[in-house]
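# Structural overview
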Amino acid sequence: MRLDAIVAAAVIILANTAPGFAAGDTPYIGSWDCGVATFSFTKDTYDAGEGPILVRKVEKEDGNYILTFDENYQIGLSSVTKTSMQWVSMASGDMFDCKRVKP
């Protein structure tokens, strides 16, 4: 499958996911086991195991989130619940099902 088709499919998934939290919530904050690594989110940072990077912008639409970082790198978070979410790289099309790590 071509990369542009993968990214297009990811955007469709993000656009069609029903919201699960009230406006203003950031339910993705915390640590998530995404199979390949534990990803951690704070209000202002994202860490995929190589050290935190600054989140430059968060866009929310219909309960889905697009986080933008330096050099316009973006990830999408969808189907966010208290225990699970989907993570997708807008650059590579990689997609992971993540489970919340209990504190």
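Per chain, residues are indexed from 1 in the order of the written sequence. Where local features are concerned, this predicted model is filtered to residues with pLDDT of at least 70; where side-chain atom pairs are given and counted, the filter is 80 or more; whole-chain, interface and lining totals use all residues. Computation of side-chain values covers all heavy atoms of the structure but excludes hydrogens and water.

### What to know about the overall build of the protein
Tallying secondary structure elements over the protein gives one helix and nine strands in all. In this description a helix means any DSSP run of H or I spanning at least four residues, a strand means any run of E spanning at least two, and both kinds are numbered starting from the N terminus. For the protein, the α and β elements follow one another from N to C terminus as α-β-β-β-β-β-β-β-β-β. Throughout this description, buried means an accessible area under 20% of the type-specific maximum (1.4 Å probe, protein chains only), exposed means over 50%, and partly exposed covers the range between. Each of the 103 residues in the protein was classed as buried or not, and the buried ones make up 30%. Considering only residue pairs separated by 6 or more positions, the protein has 41% of its internal contacts joining residues 24 or more positions apart. A total of about 6200 Å² of accessible surface is found on the protein, and carbon and sulfur atoms cover 55% of it. Contact definition: two residues touch when any of their heavy atoms are within 4.5 Å. Per-residue accessibility takes into account occlusion by the displayed protein chains alone, with areas from the Shrake-Rupley method and a 1.4 Å probe.

### Quick word on the state of the cysteines
For the purposes of this analysis, a disulfide is any pair of cysteine sulfur atoms at a distance within 2.5 Å. In total, this model carries one disulfide according to the counting rule given. For Cys34, the disulfide goes to Cys98, at an S-S distance of 2.0 Å. Between Cys34 and Cys98, the S-S dihedral sits near 110°, and the bridge is therefore right-handed. Here the residue Cys34 occupies a position in the loop between β1 (30–33) and β2 (38–41), and Cys98 occupies one in strand β9 (residues 95–100), the gap between them amounting to 64 residues. Taking relative accessible area as the criterion, Cys34 reaches 3% and is therefore assigned buried.

### Focus on the nonpolar core
The biggest cluster of nonpolar side chains holds 17 residues, and the ones touching the most others in it are Phe41, Tyr46, Leu67, Ile75, Leu77, Met85 and Trp87. Once residues within four sequence positions are removed from consideration, Ile75 is found in contact with Phe41, Tyr46, Tyr65, Ile66, Leu67, Phe69, Trp87, Val88, Ser89 and Met90. Nonpolar core, defined: a set of buried Ala, Val, Leu, Ile, Met, Phe, Trp, Tyr and Cys residues in which side-chain atoms within 4.5 Å join the residues together.

### Brief notes about the pattern of salt bridges
For this analysis, a salt bridge means a side-chain nitrogen from Lys or Arg found within 4 Å of a carboxyl oxygen belonging to Asp or Glu. Tallied over the full model, the rule gives two salt bridges. Measuring nitrogen to oxygen at the nearest pair gives 2.6 Å for the salt bridge that ties Arg56 to Asp70. One end of the pair, Arg56, is in the loop between β4 (53–54) and β5 (57–61); the other, Asp70, is in the loop between β6 (64–68) and β7 (74–78), with 14 residues separating them in the sequence. You can call Arg56 exposed: its relative accessible area is 51%. Salt-bridge contacts for Lys57 lead to Glu59; the nearest nitrogen and oxygen are separated by 3.9 Å. Classification of Lys57 as partly exposed rests on a relative accessible area of 44%.

### Describing the packing of aromatic side chains
Stacked, tilted and edge-to-face are the three classes assigned to paired rings of Phe, Tyr and Trp, where Trp is represented by its six-membered ring and a pair needs centres within 6.5 Å; plane angles under 30 degrees give stacked, over 60 edge-to-face, the rest tilted. Following the criterion strictly, the structure yields nine aromatic pairs and no others. A connected cluster of aromatic rings, assembled from ring pairs, spans Tyr28, Phe39, Phe41, Tyr46, Tyr65, Phe69, Tyr73, Trp87 and Phe96.

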